[in-house]
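Structural features, examined
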Amino acid sequence: MQDILDQLEARRAEARKGGGDKRIDSQHAKGKLTARERLELLLDPGSFEEFDMFVKHRSTDFGMDEKHFPGDGVVTGWGTINGRKTFVYAQDFTVFGGSLSETHAQKICKVQRMALKQGAPIIGLNDSGGARIQEGVAALAGYTDVFQNNIIASGVIPQISVIMGPSAGGAVYSPALTDFIFMVRDSSYMFLTGPDVLKTVTNEIVTAEELGGAKTHTTKSSVADGAFDNDMEALAEIRRLFDFLPLNNRDGVPVRTFFDKHDRIDNSLDTLVPENPNLPYDMKELIAKIADEGDFYEIQADFAKNILTGFIRMEGQTIGVVGNQPMVLAGCIDSDASRKAARFVRFCDCFNIPLLTLVDVPGFLPGTAQEFGGVIKHGAKLLYAYGEATVPKVTVITRKAYGGAYCVMSPKHLGGDINYAWPTAQIAVMGAKGAVEILHRKDLGDAEKTAEHIADYEEKFLSPFRAAERGYIDEVIQPRSTRKRVTRAFALLKDKNLSNPWKKHSNLPL
Amino acid sequence: MTKIKKILIANRGEIACRVIKTARNMGIETVAVYSDADKHALHVEMADEAVHIGPPPANQSYIVMDKILDAIKQSGADAVHPGYGFLSENPEFPKALKKMGITFIGPNPKAITAMGDKITSKKLAQEAGVSTVPGHMGLIEDADEAVKIANNIGYPVMIKASAGGGGKGMRIAWNDEEAREGFQASKNEAAASFGDDRIFIEKFVTQPRHIEIQVLGDKHGNVIYLGERECSIQRRNQKVIEEAPSPFLDEATRKAMGEESVALAKAVDYDSAGTVEFIVDGDKNFYFLEMNTRLQVEHPVTELITGVDLVEEMIRSAQGEKLSMKQKDVQLNGWAIESRIYAEDPFRNFLPSIGRLVKYRPPAEGVNRSGAIIRNDTGVYEGGEISMYYDPMIAKLCTWGEDRGVAINAQRSALDNFELEGIGHNIPFLQAVYDHDRFERGDITTAFIADEYPDGFEGADINSGHARKIAAVCALMHDIKEHRAAEISGALPNHKRHIPDIWSVELKVSNDEVYHYTADINGEEGLRTIIMDDEGDKAALELEVMTGWTPGQTLVRASVDAATFNFQVQPISEGFKVWHRGVEYKAAIRNPRAAELARLMPVKIPPDTSNLLLCPMPGVIVSIMVEEGQEIMDGQALAIVEAMKMENTLRAEKKAVVKKINAAPGDNLAVDEVIMEFE
């Protein structure tokens, strides 16, 4: 009997070795951890339970029947992060370069289905050379099965992808279908077509890092939501993000003990908005000063920096924040900013995360580049996302809320629940100079009259009171009491229950 | 004698606030003046009333006499305190006030005229029997003449603006080329800062200490001295740390210097607070440098050791009262030190750093646990602005203790508690000086900073005892954080995360300087015993640690082995960024298995910027002195950037060829913007 029990341990030990010591050393030499080491770091120590440890591929072509590794290049199972359940899979680059076979895909699909059934998030750690070519179309079918599961789970459970090595060709689309993609700097890359093929087909010469490294995807393509310096940091930060997220779309946001006064007054906010309306200030300061413990988990920090998105907590509960950033492009909304914020708003709405919108927006970015790039449609995405969102929505206008951009940034008219404005707010169709040029065209040559008109317009429209008179603003608040007001507003809205009419699904302007 | 009822303070910032405090204590009303840039400044808020005097540049507001005179009329003030700088040493100002029947809280104009001009004052000092430094007393026409005079005196020489002070318009030259360059630079700065470009040259005394005597006079011919202040810790003639008394002077020298100062003051009928500055050499020979006919920036240290409120004395003597004490009543008690906290980044060659004070939380004033007194004179507040238009001083942090050691220790802990964010500041540098053994011994000269930090400041030295304590407290903080994290809602009941008591701490100062510890935390709440195992051959050490820290706090107050141990933190991935005694650490706290894996992580080398000339501060390009394709030499001037009214010459660090120039004169650049690239 004892022999049989020992045999299990021996088999486990063999499976845990993955592709063997030599390949593990080579993985380490690249600055990368192995799949199992990564899972150890991602999950609470001792909480990981592995499934399908002994799965083997069934391929016989190209001598594959001679080569078998238990687990077949992917480690799957479940565990906990701070005691909360999550399903995981981690591709093992030491086994066939982490390549995806039919059975490899089946293992992933199994945990995907389990996650969906249990209402637990799934986190995928990607490190794979691509499809296992020896298996041909079976590998492609495997990929597509994974995609289908990603799609069905979308909006039901949070899905997080971490790219910790190569991810090329078909492999990129599973991450692309998930809620968040994070990358590791210098050791991960993602692209559909690699540099070698590019060189032969289009004569373009580019390195893998330039084509699909973390920098490219966090600053240019916006494919990735964030990048980290190494595996350790990436996994620690995924744990941090996980603590912000609900387990599924019925669960509600997690609650945590907090060490911050809900009614903390911050006098320094009274001077945040500069006297001169053309000077920028850092919206991140406002976010940090109203969040519990100053903690802000920024999403897409390096892309479309003119809009900020990310998670904070208020009274221990997760809040999604969207804020215009006056430091970049004066906070104008452009196509990129719209897409970035729209996707974030929709994520929050999927998972019942209340939304806080901080507004200082002089308008949409003008120009042919924007118009030709379809800013109308991209801008509509953000508008749509806000209008569709049924979660509690609190808005604070700190300064400018001009024109179409006012309409987009979670105004009362798009179902904003509580809309505040600072006394420095200017809610108008446009700034004074532009407005006067249109309203008083005949006086344009007369500097004195124009100045008079501008002063008149500023007095009339560049304040929160015109909007407040009409009830478009619920209350004008002192900047210093923003945290107190906003936390209280979210407390009030806790039981908000709103649903849109039944539909098969909406038709967001893609 | 007329009692003053309402004082207008013709100044801004901390000194305006300082004067307001005393005036208020004396029951006198106060009037602030402010430029556009100071509309929301602290002095405006503190004063009973405030008058707007113009645009931000001082030469369009604070030093425009007519505007101040208008403000006086408007407010009905019957007296003016000039503070320091601005109009404080302009003799025309008290003259104009006199015509209006307004009391000037400062010395008589004759004294200001006599002492305000360095050339005249030197002559007067010589006549009064005060020894002076050899130098050229006449005005200098051009650079050629400057070089000739410098050669006559013998190098090194000091080139100074006649109307100068506070280090502006001052250069030291060791050869003809530097004399020529220094003359021009001083002249330009003098013109820009004081509207007076007269320059003079004198012998530069090597190994000098800067020691000054505080004098106090009344309108009845009485003058006393209130001991000395040593201000040898200077950077480019800008005082950084001042103390009273001087660790160098003996009673006899103090008395001699004091009496000569009194003699000089009496020679000009000095009738207010003033300071006689001396250079003292290694043999305690002292030479008269200049007399400042105003309240000095560093006056608080004298107040702390004498118990005299100098502003009150100035007000009293201005209203004609006799000095309330005689020389024999002056007792020096204990030791006081002042740190000037500047918005200057020591890691970027002390370049000014302007902007919003995102965080400004000075240490609590009053008596601390070791019986030391903490005093913080400031003109800013959290959410306020350090403006490019004025001196970048944030605060003057003063400590008093029974002896020098206590005062130094109080500085160390007060600086550890001083929270600043949003701008670069010199606290790390101040901490490094306080921990420097030469400073601790009092073995200092005005060249201390240049001698000890010849290649600039790269961070304070690490003390391994401190590092271990930081590691232990960080481990405990991380433990607190992780326990809170494990309490999140939605955890599987009965399957809560188990948190071990053993943490591995990696304390990193730089890629080359990393310390590893294992911290074994014992005990549940309150006092914990942490067994610290320093990796290496040292035996494990037990520390008794207690802290009330909760996540989100940036100031960590802990007790380690029953002694207070404070530092500042910011949460980062896997741990904390820590600031303590001028050192910045990155603490990563991991469970032992994670620590093992962490060692497999590659060390990332920061990108090489040595082939770029980066703009070291936000500022305007005044000129670009090279062209693309030009070969440049080590030390060659490449560009001039102006910020805070100071022209900063950027020089080549090595021989190179200019590949590309990305900026042009007039461009407004941010920190680290690329000015030019080299091949």
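Residues numbered from 1 in each chain as written. Chains lettered and ligands numbered in written order. Predicted model: local features only at pLDDT ≥ 70, side-chain atom pairs only at ≥ 80, totals over all residues. Heavy atoms only, no water.

Here we look at the overall build of chain B
A tally of helices and strands in chain B yields 17 helices and 40 strands. Relative to the 2.2 N^0.38 estimate, which gives 26 Å for 679 residues, the radius of gyration of chain B is 27 Å and therefore close to what a compact globule would have. Here the C-alpha coordinates of chain B stretch approximately 85 × 65 × 50 Å along the principal axes. By residue count, 57% of the 679 residues in chain B fall in the buried class. (Helix = DSSP H or I, 4+ residues; strand = E, 2+ residues; numbered from the N terminus. Rg over C-alpha atoms; globule rule 2.2 N^0.38 Å. Buried < 20%, exposed > 50% of the residue type's maximum accessible area, 1.4 Å probe, protein only.)

Things to note about the packing of helix α16 (residues 432-439) of chain A against helix α17 (residues 447-461) of chain A
Residues and elements named next belong to chain A. Contact geometry for α16 and α17: axes closest at 9 Å, N-to-C directions at 120°. By the angle between their directions, the pair α16 and α17 is classed as oblique. Both α16 and α17 take part in a crossing whose hand is right-handed. Contact with α16, carried on its side by A432, K433, A435, V436 and L439, involves T450, H453, I454, Y457 and E458 of α17 and no other residues of that element. Considered class by class, the residues forming the contact of α16 with α17 number six nonpolar, two polar and two charged. (Axes fitted to C-alpha atoms, helices over the stretch in contact; angles between N-to-C directions. Parallel < 35°, antiparallel > 145°, perpendicular 65-115°, else oblique. Left-handed = near helix turned anticlockwise from the far one by under 90°. Contact = heavy atoms within 4.5 Å. Nonpolar A, V, L, I, M, F, W, Y, C, P; charged D, E, K, R; others polar.)

Thoughts on a nonpolar patch on the surface
All names here are of chain A. Together, I151, I152 and L177 give the surface a local cluster of nonpolar side chains, amounting to about 250 Å² of exposed area. Examined against the element boundaries, I152 turns out to sit in helix α5 (residues 137-153). Classification of I152 by relative accessible area gives partly exposed; the value is 49%. (Patch = residues over 30% accessible without salt bridge, like charges linked within 9 Å, V, L, I, M, F, W, Y side chains within 5 Å. Areas by Shrake-Rupley, 256 points an atom, 1.4 Å probe, with all protein chains shown as cover. Salt bridge = Lys/Arg side-chain N within 4 Å of Asp/Glu carboxyl O.)

Brief notes about the environment of I133 of chain A
Relative to the elements of secondary structure, I133 of chain A occurs in the loop between β4 (122-126) and α5. Judged by its relative accessible area of 72%, I133 of chain A is exposed.

A word on the interface of chain A and chain B
Listed per partner, the contact involves 41 residues of chain A and 34 residues of chain B. Approximately 3,100 Å² of surface area, both sides summed, lies buried where chain A meets chain B, with 57% of it carried by carbon and sulfur atoms. There are five salt bridges connecting chain A and chain B. Residue K39 of chain B is joined to E275 of chain A by a salt bridge in which the shortest nitrogen-to-oxygen separation is 2.8 Å. At the junction of chain A and chain B, the tally comes to 17 residue pairs in polar contact (both at pLDDT 80 or more). (Buried area = accessible area lost by both parts, 1.4 Å probe. Polar contact = N/O pair within 3.5 Å; in protein donor to acceptor, adjacent residues only side chain to side chain.)

Considering the sheet that holds strand β21 (residues 373-378) of chain B
All names here are of chain B. Strands sit in the order β14-β13-β10-β11-β12-β15-β23-β21-β20 across an open sheet of nine strands; the sheet is antiparallel. Across the chains shown, the open sheet's two edge strands, defined by having one partner strand only, are β14 (286-292) and β20 (366-367). Across four bridges, the pairing between strand β12 (residues 238-244) and strand β15 (residues 335-342) is antiparallel. Considered in β15, the bridge of E242 is made with E338. Against the sheet, helix α1 (residues 13-25) touches β21 and β23 (393-401), its axis set at about 115° to β21. (Pairing = 2+ DSSP bridges.)

Observations concerning the nonpolar core
Counting 72 residues, the largest nonpolar core has I233, I241, I341, I394, F439, V473 and F567 of chain B as the members making the most contacts within it. The element that contributes the greatest number of residues to this core is helix α16 (residues 464-485) of chain B, accounting for nine residues. Residues contacting I341 of chain B, with those up to four places away along its chain left out, are P392, M393, I394, A395, L397, L415, F418, L420, N426, I427 and L430 of chain B. One finds L39, Y386 and L414 of chain A together with A598 of chain B within the second-largest nonpolar core, a separate group that totals 70 residues. (Core = buried A, V, L, I, M, F, W, Y, C linked by side-chain atoms within 4.5 Å.)

Focus on the domain arrangement of chain B
Think of interface size as the accessible area that goes away when the parts come together; that is how it is often given. All names here are of chain B. Each assigned domain of chain B is listed here: domain 1 (6-105), domain 2 (106-133 + 210-333), domain 3 (135-203), domain 4 (334-460), domain 5 (464-598) and domain 6 (612-678). The distance between the C-alpha centroids of domain 1 and domain 2 comes to 24 Å. The interface of domain 1 with domain 2 comprises 20 residues on the first partner and 22 residues on the second. Taken together, the two surfaces of domain 1 and domain 2 that pack against each other cover about 1,700 Å², and 69% of this comes from carbon and sulfur. Linking domain 1 to domain 2 there are three salt bridges. Put simply, domain 1 and domain 2 have seven residue pairs in polar contact (both at pLDDT 80 or more) between them. Per-element accounting of the side of domain 1 that touches domain 2 gives the leading share, four residues, to α1. Of the residues belonging to the side of domain 1 that touches domain 2, the class tally is ten nonpolar, seven polar and three charged. (Domains from an automatic or database assignment.)

With respect to the side chain of S186 of chain B
All names here are of chain B. Topologically, S186 is positioned in helix α8 (residues 176-194). Of the residues examined, S186 reaches a relative accessible area of 0% and is grouped as buried. Each residue touching S186, except ones within four places of it in the same chain, is listed here: I159, G169, M170, R171 and I199.

Observations regarding the domain arrangement of chain A
Here chain A is described as being made up of domain 1 (11-242), domain 2 (267-425 + 464-494) and domain 3 (430-462). Computed over C-alpha atoms only, the centres of domain 1 of chain A and domain 3 of chain A are separated by 59 Å.

Overview of helix α14 (residues 375-388) of chain A
Counted at 1.5 Å a residue, the expected span for α14 of chain A with its 14 residues is 20 Å, and the 20 Å between its end C-alpha atoms agrees. For α14 of chain A, the complete set of buried residues consists of V375, H378, G379, K381, L382, A385, Y386 and E388 of chain A. (Expected span 1.5 Å × (residues − 1).)

What about the pattern of salt bridges?
Scanning the entire structure with this criterion turns up 89 salt bridges over all chains. Close ionic contact of K433 of chain A with E437 of chain A constitutes a salt bridge, the shortest N to O distance being 3.3 Å. Of this pair, K433 of chain A and E437 of chain A both sit in helix α16, separated by four residues, roughly a single helical turn. When the shortest N-O distance is used, the salt bridge between R375 of chain B and E303 of chain B registers 2.8 Å. Linking R375 of chain B in strand β21 with E303 of chain B in helix α10 (residues 299-306), this pair joins segments that are 72 residues apart in sequence. Each member of the pair, R375 of chain B as well as E303 of chain B, carries the same accessibility label: buried.

Observations concerning the pairing of strand β11 (residues 223-235) of chain B
Residues and elements named next belong to chain B. Of all 13 residues making up β11, 13 are buried, and the element is well covered by its neighbours. Pairing analysis gives six bridges linking strand β10 (residues 209-217) to β11, with the strands arranged antiparallel. Considered in β11, the bridge of E212 is made with R229. The turn joining β10 and β11, which pair antiparallel and follow one another in sequence, is formed by five residues; a positive phi near 85° is taken by G221. Where β11 lies against β12, four bridges are found, and the strand directions are antiparallel. When the sheet's bridge partners are listed, I233 is paired in β12 with I241.

Examining the side chain of S268 of chain A
You can see S268 of chain A is positioned in the loop between α10 (231-242) and α11 (283-290). Here S268 of chain A falls in the buried class, since its relative accessible area comes to 2%. Contact partners of S268 of chain A, with chain neighbours within four places excluded, come to E285 and K289 of chain A together with R356, E382 and G383 of chain B.

Observations concerning the sheet that holds strand β28 (residues 541-547) of chain B
Residues and elements named next belong to chain B. One closed barrel holds the eight strands; their spatial order is β25-β26-β27-β28-β29-β30-β31-β32, and the pairing between them is antiparallel. Here the average twist between neighbouring strands, direction ignored, is 35°. Pairing geometry for strand β25 (residues 502-510) and strand β26 (residues 513-522), over eight bridges, is antiparallel. Bridge assignment links K508 to a residue of β26, and that residue is V514.

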